[in-house]
Structure formats: structure tokens, C-alpha cells
Amino acid sequence: MSIDALKDILQRHWGFKDFLPLQDEAAQSVLEGRDSVVVLPTGGGKSLCFQAPSMVMEGLAVVVSPLISLMKDQVDSLKESGVTAGCVNSSMSAAERRAVHELIIARKLKLLYVAPERLLADRFIDYLKRARVSFFAVDEAHCISSWGHDFRPEYRGLSALKKEFPKTAVHAYTATATEQVRADIAAQLKLSDPVFHVGSFDRPNLMYRMVRRTDEIGQVCEVLERHRNESGIIYCIRRKDVDFLAERLVEKGYSVRPYHAGLPDEERKRNQEAFINEDAEIIVATIAFGMGIDKSNVRFVIHAAMPKSLEHYQQESGRAGRDGLEAECVLLFSYEDYRMWEYIIEKSETVAREASIKKLGEIHAFCEGAECRHKAISRYFGQELERANCAACDICLKFLKEVDDPLILAQKILSCVIRLKENFGAHYTAQVLRGSRDKKILNRRHDELSTYGLLSEFDIRTVRGWIEQLISQGCLQRSGEYKTLSLTDEGRQVIRGRETPHLLEPVKKKERKRIRSGFDLDSWEGVDRDLFERLRELRLKISKDKGVPPYVVFSDASLRDIARRKPVTREGFLTVHGVGQTKSAQYGEAFMGIVREVCG
Ligand code: ADP
């Protein structure tokens, strides 16, 4: 079976003209029956790597998937594309299960989704042995590794697959990038001589911005205003932060639902569904939210506080823009977040405490850092990005700029730390540098220091920011219960003028490029926005009638393409991105009706 035949399937069922990077190689391994581990970022198109080959292979492909909600979505999407797929899980009625069983007996089903615990039940294994399995695809395969961020004990049992089905290939799919987890997946699944397909972790369609948090609600609303009528996720660290922020946003009239593990099951489920079905635009959540969310048109992810590692950040921000269209990821951070995580880690973790603190330090340095965000994230995952300017992060778009004389500025700050006998914290030091008349400062006669008021023309946030930058570049360190600042060897080199650190300051709003300019021109190019909105309404109506999420009917990318090409014939409709035979037959007339009405 050749890749060309697969391309035909791709066009006919999914309406895509070509494979995304590595999809063809990964699909080839499936066709060849060679065990494989496929690592592609969220939105990289992992599902098609096994879905497309299953269509041309004899027998039934069994997909292991961790969550029932995820299964249902995938099966609904496949059916929309004219693929016979089904699932078995505990939420189904006996009649629904029987229907799937009959399709299997009749050898009509191509893809079967199951949860690991069901797959491993004795009777089910025997059942599958009779059903002629073409291959196993293990989705979210990092759940098998205790090194990963989402270990699920029920995945461990999957190591029995190779014993029970020694001749059947097993393919593992994950977006988790660390080498250790990758090797662990292969070992745990007992894969035999697997081929590794590892894609680029960069997500060029995501615009990253790291912003010091000064006014949480105001800063969050600023982002929301850029995304009126669009879906997005806001992550907070604690449940009470979720409740607080969600309430404030509701008061301001936004369409918001909260989500965290402290809410009753029913309510949590309702809120998640409201978000998926676009009855609510925004979800405010702890990290409990996200796994199992396949919603492809999330246009922004805001972190109201810093996550605890770059792995977490990549996962959570990665939920934006799965459809490949541009999406914005804004992280609001403060040193308080670092302290809070440190406290949580010290209280709750024993085994991996040191490693967790290290990861925390790394993400903090990333937030404070001055390197292209796309490059920094890729490097963290062991890949170098060649692109000189990503045009999609605060650094490359110059929202921050290097101060005029970083050496002199750093020396002023470091000398102040020395004059304070390395006995005070960042906030106090910043106040002294700004020449504050605070009583504590006057009582200690720190207003008589030569460094007092040296930076009086800057606001406290900016000065604090520079101190944080000096810490993240290793010139200063914090220690002891009171987190007092002291110089490192590196800092002493700076005092002597032998090293110059990078110090950034925010560019005034008037001076910077507008955030949307340049970034999203391509995907909106030629799109009739009024028509797009009308198509969106129709999509929502159809999704409600059918009881499937809107993005299962059509992705945003498809809707924009209709609003660009404005097709009025069946042939024309088939050229739209993401429109295959089945969808064209089902929805073509309805959507073309709107095109005719608006443009005719
Ligand atoms: P992942 O599981 O890796 O996050 P998905 O399988 O959910 O990714 O695919 C992400 C998005 O990319 C989906 O909206 C899917 O329809 C789209 N997609 C997948 N393959 C292609 C392709 N070859 N061409 C265009 N879009 C694709």
C-alpha cells in the first residue's frame, strides 16, 4: 500500500491536500507494521497518522485513549468524515455497545476506541483476539511513564499488549517531548525495535507573551478585548484563584465558566461542555482542565500566574490553535508565583522535590529571559530553531527593549545590594533605589546611602523587573527565610565591568507595533468577515441539532476558507480546506446557501 493511496484517502475523507510534517513517515510505519513512537506537538496531527492507514489496512485498529470525552469527540469527528469508528466505554448503553459489536462482527468497523482498563480485562482481550486487530495505537502514551507529567497507573497494564498480541504492531503517540519519557514509553510498552518519529516542538502559529503581572484583572481583560466572540482558556494556580477571577469576569459581562477539582462533578462537566459547545466563550481553570479537550479553535490561552514548569507551560499553552490558525498565549507572572509553587512543592513533594524546584527556576528564568520565546521553548526540549525572527513573540516583536546602558544600570542595582549589606529583599532594595520615603527606610537611615534614589525616575515595577532579571541571569541570588539578595561571582564580575548583563524594559504602548499586525494576516487574508460570522452561526445551529461540538462540524480553518473562496457549486465546495466527500454531501448545500444569500 503506497503513500499515494493514503493521500487519496486524506483528500476524500478529510479534505486535506497534503500531509503535515512527519505524518507521512509515521503513517508509513503503521502500513509497514513496524512498532513506532511518534512525538508531535499538540495540533501536529497525530490522530491522522493512525486513522488514515487504518482505512486501507485489513482488520480493526484499536486505539487506546485515556478519557471517555476524548473518545467520543474523536469518534464523532471520524463519523463526520465518513469513517466507520466506534468506542466502548462505561458510559454507553447496552444497545449502543451491541451496535458496535455487530459492526465488529461484520468486519465493518475500522477504528475502535477503548480505555486501557477495559482493553486489559480478560474477556476483552479474548474478544479482540477473535476480531483480527490490524494494529494498536496508544494515544497520550506519556501516561505510561512515571517520568511524564500525567502518569496514569492504568496505562501500566499496556505492557501486556505485546505478550498477548506478539505479532501485532503497537504505535505510541504523544506530545511530550523529553527524551527520557520517550525512551520510557518504548520500554514500558515493550516495543520491538521501534522507529522514533520526533517532530519539531515549535508551534509557529502561537504568539507568546510573558508579562509581569501588575493588575491581573486589567491585564486579563486587555487580552479578552482582542478576542471578542472567540474561545479561550485562563489558567490559575489554585481553586480559589479560579473562583475569584471567574466571578470578576462574569461581573464585567464576559461569558465565563469556572473549572476545578473542587466543584461538584455535575457542575464541572456542565461547564466543560458549555465551553466545548460554545455556550460559554471562556473557561477559567486550574490545570485539572485540558486533558481530553480536543477543541481545535481555542484562540487564546492566558496564564494568570506562572505554571510550575516549562513542560506544563508547553502542554497548557499548546491547547491554543490546534487548527493551525494563529492563537495568542499570554503568561502573567510575578516572583510571588515562584514563592507559591516553592511552598506547594516543599509541602507536597518528597521524591522529586529537587527536580521540581529546578524546573521551577527554569520557567522563571524563561519568563524573565530576553531570548525569542519560540527558540527558548524549543531549546528546552533539546531542539535548536534556526529562524532569526519568529515574528510571534514579545521579544521578536520588540515589546521589550534593551536599556540604553545595561552595565551602568546593573552596577547601580548591585552596588545598592552591597550598600544594604546583602541583608534585604528585592522589594526593599527597589524602594531604596527609587528613593522611597517609606518609614522603614528612613528609620534605618538608608536614605543616606549613596545609592538611595539612583533610579528615582523609574516606577517600582520596572526596577523590580531589573532585579528579577539580574537574579535570572545569575548576578544576584536570593537566600534564607527572608529571601535576602546577595551578589554571586557573576555579579562581582559585573561590578568590575568585566561582564555585561542584558536588561530589558517595556516599550511604551504608543511606540510598539500593534499586536495583531503582521501576525494573523495570512490566515485572514481574503476572508469576508461578515460571511465568516454568518457561517459560524450556521455551524453552531447544526452542532446543536446534531449534539456534536461545532469544531467537529467544521474547523475555523474550513469556515475561513469558505468565507474566502465563497463556493457556490459542489465542485467548488470540495476544494475547501477540510472538506471531504462526506462533509460536502452533508453540509455543502446549507453552507453554500449562506454564501449565496450574503454574496449573491
Ligand atoms: P494532535 O492530536 O497532534 O494534537 P490532531 O490530530 O487533533 O492533533 O490534529 C490537529 C488539527 O490538525 C486538527 O484540526 C486536524 O483536523 C488538523 N490536521 C491533521 N492533519 C492535517 C493535514 N494533513 N492537513 C491539514 N490539517 C490537518
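What this report covers is the structure whose coordinates are included nearby. (Residues numbered from 1 in each chain as written. Predicted model: local features only at pLDDT ≥ 70, side-chain atom pairs only at ≥ 80, totals over all residues. Heavy atoms only, no water.)

To continue, consider the site of the ligand. The full set close to the ligand counts 15 residues, and Asp18, Gly43, Lys46, Ser47 and Arg322 are the nearest of them. In this structure, Gln23 approaches the ligand through a side-chain N or O atom, which is 2.9 Å from a nitrogen atom. Between the ligand and Arg322, the relevant distance is 2.7 Å, taken from an oxygen atom to a side-chain nitrogen or oxygen of the residue. Contact with the protein chains removes 82% of the 560 Å² of surface that the ligand exposes when unbound. The leading source of residues in the shell around the ligand is helix α3 (residues 46–56), at three residues. Residue composition of the shell around the ligand, by class: five nonpolar, seven polar and three charged. (Near = heavy atom within 4 Å. Polar contact = N/O pair within 3.5 Å; in protein donor to acceptor, adjacent residues only side chain to side chain. Areas by Shrake-Rupley, 256 points an atom, 1.4 Å probe, with all protein chains shown as cover. Helix = DSSP H or I, 4+ residues; strand = E, 2+ residues; numbered from the N terminus. Nonpolar A, V, L, I, M, F, W, Y, C, P; charged D, E, K, R; others polar.)

Strand order in the open sheet made by the seven strands is β3-β4-β2-β5-β6-β1-β7, with parallel pairing throughout. Both outer strands of the open sheet, β3 (85–88) and β7 (195–198), are each paired with one neighbouring strand and no more. If you compare each strand with its neighbour and ignore which way they point, the axes differ by 20° on average. For strand β1 (residues 36–39) and β7, the ladder comprises four bridges, and the chain directions are parallel. Across the sheet, Ser36 pairs through a bridge with Val195, a residue of β7. Lying over the sheet, helix α2 (residues 23–32) contacts β1, β5 (133–138), β6 (170–174) and β7, oriented at roughly 160° with respect to β7. On the sheet, α3 packs against β2 (60–64), β4 (111–114), β5 and β6 and is oriented at approximately 135° with respect to β4. (Pairing = 2+ DSSP bridges. Axes fitted to C-alpha atoms, helices over the stretch in contact; angles between N-to-C directions. Contact = heavy atoms within 4.5 Å.)

With the rule as written, the count across this model stands at 17 aromatic pairs. Here the aromatic rings of Phe50 and Tyr173 are separated by 4.9 Å at their centres, their planes lie at 55°, and the arrangement is tilted. Taken together, the residues Phe50 in helix α3 and Tyr173 in strand β6 connect sequence positions 123 residues apart. By relative accessible area, which is 0% here, Phe50 ends up buried. Each ring, one from Tyr380 and one from Phe381, has its centre 5.2 Å from the other, and the planes form 90°; the classification is edge-to-face. Of the aromatic side chains, those joined through ring pairs into one cluster are Phe554, Phe573, Tyr587 and Phe591. (Phe/Tyr/Trp six-rings, centres within 6.5 Å; stacked < 30°, edge-to-face > 60°. Buried < 20%, exposed > 50% of the residue type's maximum accessible area, 1.4 Å probe, protein only.)

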